Amino acid sequence: MSVAAPARRSTQRRPAPRPKAGTRAGLKVVKGKKGTRRSRLRAPEVIAVVLVSLTLLAVVVGNTVLAQGQLRIGSISSKLTKEQAVNRVRVLNVAALETPARIQQAASGLHLVQPAQILQLPSVPLDKELPELKITPAGGQ
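Conventions and cut-offs
Residues numbered from 1 in each chain as written. Predicted model: local features only at pLDDT ≥ 70, side-chain atom pairs only at ≥ 80, totals over all residues. Heavy atoms only, no water. Helix = DSSP H or I, 4+ residues; strand = E, 2+ residues; numbered from the N terminus. Buried < 20%, exposed > 50% of the residue type's maximum accessible area, 1.4 Å probe, protein only. Areas by Shrake-Rupley, 256 points an atom, 1.4 Å probe, with all protein chains shown as cover.

1. What to know about the overall build of the protein
- For the protein, the helix and strand inventory stands at 2 helices and 0 strands.
- When each of the 141 residues of the protein is scored for burial, the buried share is 1%.
- Carbon and sulfur atoms make up 62% of the accessible area of the protein, which amounts to about 15500 Å² in all.

Put into structure tokens, the structure is as follows:
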């Protein structure tokens, strides 16, 4: 009991039979003209590629400039931090030199003493002329 398989239909088309060599007499080779559609499409394509390439180059150059600027800012920032630390130390040194205890010690080392009394000078009007001073020699009369 063998069952015969049904015949399958082919879904592929058979190629058309080729005409014989002598029947192609009506075909010619056509040379391309300048300014044809193919050559007209090349100019915009080339321009687009050049534009994209220049844009990418500009982005790379921009990123390089930014990176160099960041490096410069980083080095300047580190120098600034060092100089601020030096400034803080110097401000503390000046503050230590300005303390009253240190000034009093330096004055006593120079044999400077506070006066017993403080003498206020009288105020003198600046718009009037002062009288002439009479100076007498110490030894003479």
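Now that the structure has been shown, the text picks up again.
2. Examining unusual backbone geometry
- We note that His111 has phi near 60°; this positive angle belongs to a residue other than glycine.
- Looking at the element boundaries, His111 is found in the segment after α2 (100–109).
- Overall, His111 belongs to the exposed group, its relative accessible area being 71%.

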